[in-house]
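# Architecture and fold: a report
Each chain, written out:
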Amino acid sequence: MLAEVSALLVPLAAAIGYSSYKARQFEHTYPNIGELTDVGGYRMNAVHIARPENADLPALVFIHGASGNLLDQVVAFRAALEGRAEMLFVDRPGHGYSERGGPENAVPSGQADAIARLMEKRGIEKAVIVGHSFGGAITAAFGLRHPDKTSGLLFLAPATHPWPGGIDWYYHVATAPVVGWLFNHAVVVPLGLRRLERGTLNVFRPNPRPADYIEKTGPSLVLRPNAFHNNAADFKRLLAYVKAYSPLYSQITAPTVIITGDSDEVVWEHLHSRGLARDISGSELITVRGVGHKPDYLATDVAIAAMEKISGKPRDLQAAARRAEERLAASREQTRATLSSLTPDALRGA
């Protein structure tokens, strides 16, 4: 009997040890570039860019999506907006380097409240709230719950409405008692590392993923046990949450723009983005043809034009989207031409 128990426990202990080592390695590779701020019994992490002297935009608050952290939006927007606005890039509660806080932070409304408190602590009275993917549900909650702090809302491929079906099996396992702890501490790292390449390619499909995306944005941070559990807990509660709260979106009065790709296979634009455009009076829906789930990277210029329009500047966002489509089409054509000019030996790396 002892031999059988040992045969089970030894590889399990080895897997837990390996996962613990890798989690420390992830943090060494992607150290925290933000600052932790107490928001009422727990700390939120964020990169805060102070308002520049010649700012021409209102304050901007960026909310990342599922399985992500603040680096995703920092890489997409910081350099392009430097010198134009005060910016706050947030690690959502329990993600990146933010602490989780209480059970209320397992739903978008609680995370929206946490971000509102963080804004207060950082001296930001009002801001345009920019949310990508899962961050879209939090952006909508923010607009509902904190209209006095909302200069406008910008949704990027948002997840905001009920969808048919469920969620991936591993989110259920990760949140199960006892088994979930073992799964998160022993299985997630090796399983996740094998899926990381394919997963990041999928969110950009049908467009190519930037070559340095993984290197710059630290997606492996979500494979740490606590982060993965929190990410799974968020997913498990999202469908019930949007079923209950999406009927309230018609109460949102802030200037709103929704930017989506027509080829998004991660969050269906016909349910979520079109649903928001239907529900929020006066909102503007911008569909960029040929773009998947990452308009923040593939149509960054359109997103910035939307921020400008929300702030009161005259901008033709439909024309901006058409220009982005032309740019992306030219890039694809150039890639095809480059590949077709390579000899078979060159393609094999000879």
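Above this text you will find the structure in question.
Read on for a plain summary of the structure. Everything quoted here is computed from the prediction, not taken from an experiment.

What follows concerns the side chain of threonine 200. Topologically, threonine 200 is positioned in helix 6 (residues 179–204). A polar side-chain atom of threonine 200 sits 2.9 Å from the main-chain carbonyl oxygen of leucine 196. Setting aside chain neighbours within four positions, we find threonine 200 in contact with Arg209, Tyr213, Ile214 and Pro219.

The omega angle of the peptide bond from arginine 205 to proline 206 is 15°, so this bond is cis rather than trans. For proline 206, the position within the fold is in the loop between helix 6 and helix 7 (213–217). The backbone of serine 133 shows a phi angle near 55°, a positive value even though the residue is not glycine. Relative to the elements of secondary structure, serine 133 occurs in the loop between strand 5 (127–132) and helix 4 (134–145). Despite not being glycine, alanine 157 shows a phi value in the positive range, around 45°. You can see alanine 157 is positioned in the loop between strand 6 (150–156) and helix 5 (169–174).

Moving on to the environment of proline 11. In this fold, proline 11 is placed in helix 1 (residues 2–29). Separated by 62 residues in sequence, proline 11 and glutamine 73 have C-alpha atoms that sit 38 Å apart.

Summed over all chains, the structure comprises two cavities of 30 Å³ or more. As a volume, the largest cavity reaches approximately 60 Å³. When its residues are assigned to classes, the lining of the largest cavity shows seven nonpolar, three polar and one charged. In this structure, the second largest cavity spans a volume of roughly 40 Å³. If you trace the second largest cavity, you find it lined by Ser67, Gly68, Asn69, His95, Gly96, Gly218, Pro219, Leu221, Val222, Arg224 and Ala227. Broken down by class, the residue content of the lining of the second largest cavity amounts to four nonpolar, six polar and one charged.

Criteria and thresholds
Residues numbered from 1 in each chain as written. Predicted model: local features only at pLDDT ≥ 70, side-chain atom pairs only at ≥ 80, totals over all residues. Heavy atoms only, no water. Helix = DSSP H or I, 4+ residues; strand = E, 2+ residues; numbered from the N terminus. Polar contact = N/O pair within 3.5 Å; in protein donor to acceptor, adjacent residues only side chain to side chain. Contact = heavy atoms within 4.5 Å. 1 Å grid on protein atoms, 1.4 Å probe; cavity = no way out; pocket = protein on both sides within 12 Å on 5 of 7 lines; lining within 4 Å. Points joined across faces, edges and corners; volume = space filled by probe spheres on them. Nonpolar A, V, L, I, M, F, W, Y, C, P; charged D, E, K, R; others polar.

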